[in-house]
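Close look at the chain arrangement
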Amino acid sequence: GVDSVVCVSRVTQLLSLVVLCAWQHLQPVLSWDFNPFNYTDTQLLEYSFEFFVAFDLLNAFHIRPDMLRNFLVAVASNYRDNPYHNFKHAFSTVH
């Protein structure tokens, strides 16, 4: 009935707000002037995770948030200490 339509509408509004907040937080990264070398690897890991959230990839590919975080940390931590091929370079390539 009317109550369920109002409820669905409210949930849709809340989800839109969550996505908008994710996009607003990503604004620095969405700039062509973004320089990953000005950020820590921890910050870049968080941005990487938030890309998946903002593009709704967790839902689209049925990825559990904890599994994605573990995967991203594993990827970042397995880069060797190299001045070029490192996690910051990988992030800038994806960026």
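Anything mentioned here points back to the structure above.
All figures in this text were calculated on a predicted structure; none of them were measured in a lab. (Residues numbered from 1 in each chain as written. Predicted model: local features only at pLDDT ≥ 70, side-chain atom pairs only at ≥ 80, totals over all residues. Heavy atoms only, no water.)

1. Examining the environment of V29
Its location among the elements puts V29 in the loop between α1 (2-25) and α2 (41-54). Sequence separation between V29 and S92 is 63 residues; the distance between their C-alpha atoms is 9.6 Å. With residues near it in sequence (within four places) discarded, V29 still touches F34, Y47, F51, F91 and H95. (Helix = DSSP H or I, 4+ residues; strand = E, 2+ residues; numbered from the N terminus. Contact = heavy atoms within 4.5 Å.)

2. Re the packing of aromatic side chains
Tallied over the entire structure, the rule returns 6 aromatic pairs. Centroid distance Y39 to Y47: 5.9 Å. Interplanar angle 75°. Geometry classified as edge-to-face. The class of Y39 is partly exposed, set by a relative accessible area of 22%. Taken together, F34, Y39, Y47, F51 and F91 form an aromatic cluster joined through their ring pairs. Note that R69 overlies the ring of F49, its terminal NZ or CZ placed 3.7 Å from the centroid. (Phe/Tyr/Trp six-rings, centres within 6.5 Å; stacked < 30°, edge-to-face > 60°. Buried < 20%, exposed > 50% of the residue type's maximum accessible area, 1.4 Å probe, protein only. Lys NZ or Arg CZ within 6 Å of the ring centre and 35° of its normal.)

3. What to know about the packing of α2 against helix α4 (residues 65-77)
Packing of α2 against α4 leaves a shortest axis separation of 10 Å and a crossing angle of 140°. As summarised for this structure, α2 and α4 are arranged oblique, according to the angle between their axes. Regarding α2 and α4, the two cross each other, and that crossing is right-handed. Seen from α2, the contacting residues are L45, E46, S48, F49 and F52; seen from α4, they are P65, L68, R69, L72, V73 and A76. Classifying every residue of the contact of α2 with α4 gives 8 nonpolar, 1 polar and 2 charged. (Axes fitted to C-alpha atoms, helices over the stretch in contact; angles between N-to-C directions. Parallel < 35°, antiparallel > 145°, perpendicular 65-115°, else oblique. Left-handed = near helix turned anticlockwise from the far one by under 90°. Nonpolar A, V, L, I, M, F, W, Y, C, P; charged D, E, K, R; others polar.)

4. What to know about the packing of α2 against helix α5 (residues 87-94)
α5 packs onto α2 with a crossing angle of 30° between their chain directions and a minimal axis gap of 10 Å. Between α2 and α5, the interaxial angle falls into the category roughly parallel. Crossing handedness for the pair α2 and α5: left-handed. Here D41, L44, L45, Y47, S48 and F51 of α2 lie close against α5, whose contacting residues are F87, K88 and F91. For the contact of α2 with α5, the class distribution of residues is 6 nonpolar, 1 polar and 2 charged.

5. Points about α2
For α2, spanning 14 residues, the distance from its first C-alpha to its last is 20 Å, which sits close to the expected 20 Å at 1.5 Å a residue. Every buried residue of α2 is listed here: L44, L45, Y47, S48, F49, E50, F51 and A54. Just beyond α2, the residue with positive phi is D56, at close to 60°. (Expected span 1.5 Å × (residues − 1).)

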